[in-house]
Every structure is written in structure tokens, then in C-alpha cells.
Protein chains: 2
Amino acid sequence: MAPLVECVPNFSEGRRIEVITAIADAIRGAGARVIDVQADAAHNRMVVTFVAEPDLAVDAGMAGAAVASERIDLREHRGEHPRMGATDVVPFVPFADLPMEVCVGLAKAFGERLWKELHVPVYFYGEAATRPERRELERVRRGGFEELVERIGDPDRGPDVGAARVHPSAGATAVGARIPLIAYNVNLKTTDLRVAKDIARMIRASSGGLPNVKALGFALADRGLVQVSMNLTDYRVTNIWKVFTVIREAARERGVELEASEIVGTIPLAAAVGVIKDAVIEPAFRMDQVLEKKVWAAE
Amino acid sequence: MAPLVECVPNFSEGRRIEVITAIADAIRGAGARVIDVQADAAHNRMVVTFVAEPDLAVDAGMAGAAVASERIDLREHRGEHPRMGATDVVPFVPFADLPMEVCVGLAKAFGERLWKELHVPVYFYGEAATRPERRELERVRRGGFEELVERIGDPDRGPDVGAARVHPSAGATAVGARIPLIAYNVNLKTTDLRVAKDIARMIRASSGGLPNVKALGFALADRGLVQVSMNLTDYRVTNIWKVFTVIREAARERGVELEASEIVGTIPLAAAVGVIKDAVIEPAFRMDQVLEKKVWAAE
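Residues numbered from 1 in each chain as written. Chains lettered and ligands numbered in written order. Predicted model: local features only at pLDDT ≥ 70, side-chain atom pairs only at ≥ 80, totals over all residues.

Asker: Help me understand the overall build of chain A, please; the structure alone is not making it clear to me.
Answerer: Helix and strand counts for chain A stand at nine helices and 11 strands. Taking 299 residues into account, the globule formula puts the C-alpha radius of gyration at 19 Å, and chain A, at 20 Å, falls close to it. Taken along its principal axes, the extent of the C-alpha atoms in chain A is 55 × 45 × 40 Å. Within chain A, buried positions represent 46% of all 299 residues. (Helix = DSSP H or I, 4+ residues; strand = E, 2+ residues; numbered from the N terminus. Rg over C-alpha atoms; globule rule 2.2 N^0.38 Å. Buried ≥ 20, exposed ≤ 12 C-beta atoms within 10 Å, placed from the backbone.)

Rendered as C-alpha cells:
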């Protein structure tokens, strides 16, 4: 089977269905397999997930970016989500056994083309970052389009590729390489939002909790529950079973039971195998022991 | 991606390496993908696991059976494992989303050819059984070759395909369709074999324990542990997490801790997904949420 890369470009359009469709169609038309399109009107943002052979992934991403540059004007854009570009963020993600270095190479190639063909300045983030302080997307994108227009000339705000001025309508783009994120939520049988917020604070990495965990507490008012909503940014360090058991214990201490948990979107097989290793104490379990992996990966 | 079937033929040869190799080569030569070959000298038996497109799987199984019929003489065969044929058992197993009915059809076609081309009488078992009492392989094979030679003429012992006489040297063959078996062991931190035997008795289906579980207690003398060794014959009914937690609780009541567990060989992705559903209370988790499955299965 040919090696594949996953790419999850985020575009600043979540309302005009004809633009959303045109972007997804352009990516598909370049020969990529679009496996998911999520558009959110409140955020005014869309997220496309596609897979393709590595060289083709750059073409497919460029096809989407070209439509976004033509159809989206950041000067008119309103939405709740932080953003700095029409094509806002483009991460290349290893699929199956693809090495991370391949993804870094694709990010670099994509960034060069974005500047050369669409005149959009580029910031490299994640594993593709050229400066340590740009590894975190949040730091690259802080202040959004409006702040970047003012500050792109500052010594520490200049792009990695392109001139130090934002594209007038398409802004700038963060291009990176990273492992797959896991979106994971645990629901608690209480209506007391403080319990979810307390536990979220306790486990999130930024307040000294579990490494590579982002967490927020929400109310699920219509269901009479509260939720600890998480992003696991490196499942190799902190995986689902670990946060599940820590939350279960923290809830118990507060006299609260778990209702259920939710894996949102997809997880890589390696993370699924990791849950089994952890949950039933089977440290030697390998991906190749999943029959489908053994058969399909060998094709 | 073309639909595939898994086939796990068992042959009564575990000692003569040239015969073991000839059988595996014949299956491979017919175009199947051999993913595992296990030979056991004490049992004098080999188990081949291969996958192939459905029609080709019958050809591949026949190629192996033809070599076995030519090279193995049951009248000379000695070994600890129950057996009644040179080609002893041939189960067809759904791979990924292949319907069970396809496997039943393949078993029937294979059985007809085994009689027609190699003159070996056939008993259908598992989902391919034509009589309820033949669903269980153990019942079909009880008494082995030696008893079958005497009793094949009995009204309840006649084959489903072929004349009521065993092939002089190749015996008879059980051909079936079944879901994948899971071989799963849990190791306990004690040297007291009675603990493993007690727990095995408690959980095995035949003594009123968990449905679709076969279990035995063993000593792992060199490691200072004992083991509950299991076959889960229908992971859709009783999966790994269930037996793990029941054994953990039973061990706790006896003051014994678990050391680790072991999944032997492969498990289907559906069973891996099932462990996650059960362990982190994620009842809605789907196979399609495993990214590799989503991508590969769509090819």
C-alpha cells in the first residue's frame, strides 16, 4: 500500500455553503480523498480532513488554498474562533507508519508554494517550527489577523516564508506538522459545573496536571450533566485510559459518578492499541496483532 | 478494497518440516496471502492463517488439502491433539465487513470439492453446520480418526458430504464458518496453581460462568506465576474487558494481584474497538473512528 499523509486544513469560512463546497471540491478534484468536512457557523470556520499520497497532498492543499484566497476576505470576516488567514492553519499529520520528517518536508514545500503562488506569508509551527517559540499554534496566531496587520513588521513577528506584510484579504497562514490530536470528553453525573471546571483545571497541562492535555469544563444543560472536554495533543505521552482513570478518581473524591465518555472524530490505531495496553495491562500488545492492520498495511 | 476472507486450516503435521513447508507453499502458490504458520511437534499439528479474496480462498485451501492428502497418513499419525483428518479442520472466517453468509457459502463449496476431488468425507460445523448438534467442533471430532473409522456408518455419525467411509489415509475433515476466536490469558502473581484452576472453573461457560469462554488454569513455573488461559469463542458476547475485570475481582477476593494479560495472535479490529467501548464507557465508539480503518476499508 502506498504511504499516505493526512492533512487537516482549516479555512475561515463556516457560513457560505457555496464557498465551503468549492473548497472541498477543489481538494477532491486534485485527487485527495476527503474523509471529513466540518463547518461551524458560529466560529465561521471549516475543517477539512483529507488523505493523499504525500506529493499529491501538497497539490490538494494548494487547490483548497487557492479557492480560499479568492473567495474569503479576512477584512470582512467575523467569527468566534481565533484566525489570521483565509487558509488559516494547515497541519500535515503522519498516517499509519509515515515518518514525521516526511510531514515536515511537506509543510515546508507547501509553505514555499503558498507564498510563491498565492503571495500569502507563512509561519511554520509544530514539528515544522523553525523557532522554538513557534511550536505552539496559539502563540503563532495570537491577536489574529487584526493584530498581525499591525505587528508583522516587529522583529519577532516576521513570517518564516515571504515578505513582512500580510496578504490584504487572505492574511497569513500557519503551516505545520504534528501527530494526530485526540478530542476526548468525559461526562459526569452532576449539574454542578464547578466539578467539571475543577477537574479540568486539575488535569490540564498548563496548570501542572497531565502533560499534553488541554481541558475545559462545560455544562451539558439539556442532559443534566457536566463535561470535561479535552484535547490530547500527544497520545504517546498521555492517552485516553490515563485521563479517564484520573478523572474517574477525581470525580469519586467529589462524590460524583461518570456517565460515559466520548471520543470525538477519529483516533489513530496506535492510540486505540494504547488504550488496550493500558486498560488490561497488556504492555506487549502490538498494532500488528489487529488483524485488519496486519492485512491492509501489507498490501 | 476487494472483500477478503480469512481461512485457518489445521493440518495433522507438526514435525516434518518439508511437509509443513509444502502445505504452506501450496496455499501461497494458489495466490493467498499466508499471514501465519504455526507448527507444534507435541501436537503434531500445524495451523495456517491466510487471507484471500473469497473465490480464491477455496482454491488455496484445496491446494493445501491436496498436499496434506498426499503426504499425511492418519494411520501412522501420533500426537496429543484430537484429530480426524490429514486436513483436519477448515474454518472460513469473515474479514472486516464480510458477511458470515459468504463464509458459510465458501465452506459448502470447499466441502463439496474436498469430497469430489480428494474423496475425503466432510462434516460441516459452526455456522455452516447442517444439524444443531454439529455446531460444536468438539462434538464432530469426538473420538478422533480411530473412532470415526469404526462408527462412520452409525446413523448419527454419517458425513454431510460424501460416502459413509473415511478416506483410508486422509480420514475426514470438519469444514466450517465462524467468527474469529480470541486467545487471551491473564497472569496472576502467585505460585498457587489452585487459584488459576479455581478462577478458570468459575468463568468458563461449561461450568456456568461467562458465555462463550473456555478457560484452563496453568502454572508458569519459570516465571513464578499462574495463568488463566482462555479462548473467547464469541467476542461479541464476552470480550476481553469483561473477562479481565471478572478475573481481577476474583483474584482480589483471594488476595492475589494480576501481573499482566496477554492477547495471543491477532484479534479483529471490532474486538479492539469493543475493549475501548467497555473500558472507558464509550458505548458509541465505532470502528470507522479508527482512522486507518476509515481510510483502508474505503480503498
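Don't stop here, the text continues.
Asker: What's the story with the environment of His119(A) in this structure? I'm lost.
Answerer: All names here are of chain A. In this structure, His 119 sits in the loop between helix H3 (100–118) and strand S6 (122–126). On the neighbour-count criterion, His 119 (14 C-beta atoms within 10 Å) is partly exposed. Separated by 51 residues in the primary sequence, His 119 and Ala 170 have C-alpha atoms spaced 9.0 Å apart.

Asker: Mind showing me how you'd approach the sheet that holds strand S9 (residues 213–220) of chain B here?
Answerer: Whether parallel or antiparallel, the strands of a sheet pair through hydrogen bonds between backbone atoms. Residue and element names in this part refer to chain B. Here we have four strands laid out as an open sheet, ordered S9-S10-S8-S11, and antiparallel in their pairing. Every other strand in the sheet has two partners, leaving S9 and strand S11 (258–264) as the edge strands with one partner each. Put simply, the sheet's adjacent strands are angled 20 degrees from each other on average, direction ignored. Direction of pairing for strand S8 (residues 182–188) relative to strand S10 (residues 225–232): antiparallel, over a ladder of seven bridges. Residue pairing across strands places Asn 185 opposite Ser 229, the latter belonging to S10. (Pairing = 2+ DSSP bridges. Axes fitted to C-alpha atoms, helices over the stretch in contact; angles between N-to-C directions.)

Asker: Teacher, can you tell me more about the packing of helix H7 (residues 240–253) of chain B against helix H8 (residues 269–279) of chain B here?
Answerer: A pair of packed helices can be characterised by two numbers: the angle between their axes and the separation between those axes. Residues and elements named next belong to chain B. Where H7 contacts H8, the axes come no closer than 8 Å and their chain directions differ by 50 degrees. With respect to their mutual orientation, H7 and H8 come out oblique. Facing Ile 240, Trp 241 and Lys 242 of H7, the residues of H8 in contact are Ala 271, Val 275, Asp 278 and Ala 279. Taken together, the residues of the contact of H7 with H8 break down into five nonpolar, no polar and two charged. (Parallel < 35°, antiparallel > 145°, perpendicular 65-115°, else oblique. Contact = placed C-beta atoms within 7 Å. Nonpolar A, V, L, I, M, F, W, Y, C, P; charged D, E, K, R; others polar.)

Asker: Whenever I open this one, the domain arrangement of chain A confuses me. Can you help?
Answerer: Quite often, the size of an interface is put as the accessible area lost when its parts meet. Each assigned domain of chain A is listed with its residue range as follows: domain 1 (5–177) and domain 2 (182–293). Inter-centroid distance (C-alpha atoms) of domain 1 of chain A to domain 2 of chain A is 28 Å. (Domains from an automatic or database assignment.)

Asker: I'm lost on the pairing of strand S4 (residues 45–52) of chain A in this one. Help?
Answerer: For a regular strand, side-chain orientation follows a simple rule: the groups alternate between the two sheet faces. Residues and elements named next belong to chain A. For S4, the buried fraction is high: six of the eight residues fall into the buried class. Looking at chain direction, strand S1 (residues 5–7) and S4 are connected through three bridges and run antiparallel. The residue bridging Cys 7 from the neighbouring strand is Phe 50, located in S4. The sheet contact formed by strand S2 (residues 10–11) and S4 spans two bridges and is antiparallel. In the sheet register, Asn 10 faces S4, and the bridge partner there is Val 47. With seven bridges connecting them, strand S3 (residues 33–40) and S4 associate as antiparallel partners.

Asker: So what exactly am I meant to see when it comes to the nonpolar core here?
Answerer: Considering soluble globular proteins, one finds that nonpolar side chains tend to be buried as a cluster. The biggest cluster of nonpolar side chains holds 70 residues, and the ones touching the most others in it are Val243(A), Ala272(A), Val275(A), Val243(B), Ala272(B) and Val275(B). Apart from the residues lying within four places of it in its own chain, the contact partners of Ala272(A) are Ile267(A), Ala272(B), Ile276(B) and Val290(B). (Core = buried A, V, L, I, M, F, W, Y, C linked by C-beta atoms within 7 Å.)

Asker: Mind showing me how you'd approach unusual backbone geometry here?
Answerer: The phi angle of most residues is negative, glycine excepted, and most peptide bonds adopt the trans form. Residue and element names in this part refer to chain A. Phi at Asn 212 is positive, roughly 65 degrees, even though this residue is not glycine. Looking at the element boundaries, Asn 212 is found in the loop between helix H6 (193–203) and strand S9 (213–220). Judged by C-beta crowding, with 17 C-beta atoms within 10 Å, Asn 212 ranks as partly exposed.

Asker: I tried to follow the packing of helix H1 (residues 17–29) of chain B against helix H2 (residues 54–71) of chain B on my own but got confused; where do I start?
Answerer: Residues and elements named next belong to chain B. One can describe the packing of H1 onto H2 by two numbers: an axis separation of 7 Å at closest approach and a directional angle of 155 degrees. Comparing their axes, H2 and H1 come out roughly antiparallel. Our pair here, H1 against H2, has a crossing hand that is right-handed. Here Val 19, Ala 22, Ile 23, Ala 26, Ile 27 and Gly 29 of H1 come into contact with H2, specifically with Ala 60, Ala 63, Gly 64, Ala 66, Val 67, Ala 68 and Arg 71. By residue class, the composition of the contact of H1 with H2 is 10 nonpolar, two polar and one charged. (Left-handed = near helix turned anticlockwise from the far one by under 90°.)

Asker: Would you mind showing me how to read the relation of the copies chain B and chain A here?
Answerer: For the pair of chain copies, the relating operation is a rotation around an axis with a shift along it. Of the two same-sequence chains, chain B is brought onto chain A (RMSD 0.1 Å, axial shift 0.0 Å) by a rotation of 179 degrees. The superposition of one copy onto the other is thereby described by a two-fold rotation axis. Interface overlap between copies: 100% of the residues of chain B at the interface are likewise at the interface in chain A, consistent with a symmetric, same-surface contact. (Least-squares fit on C-alpha atoms with pLDDT ≥ 70 in both.)

Asker: Would you mind going over the interface of chain B and chain A with me for this structure?
Answerer: Each partner contributes to the interface: chain B provides 35 residues, whereas chain A provides 36 residues. The element that contributes the greatest number of residues to the side of chain B that touches chain A is helix H9 (residues 291–297) of chain B, accounting for six residues. Looking at the side of chain B that touches chain A residue by residue, the class counts come to 27 nonpolar, three polar and five charged.

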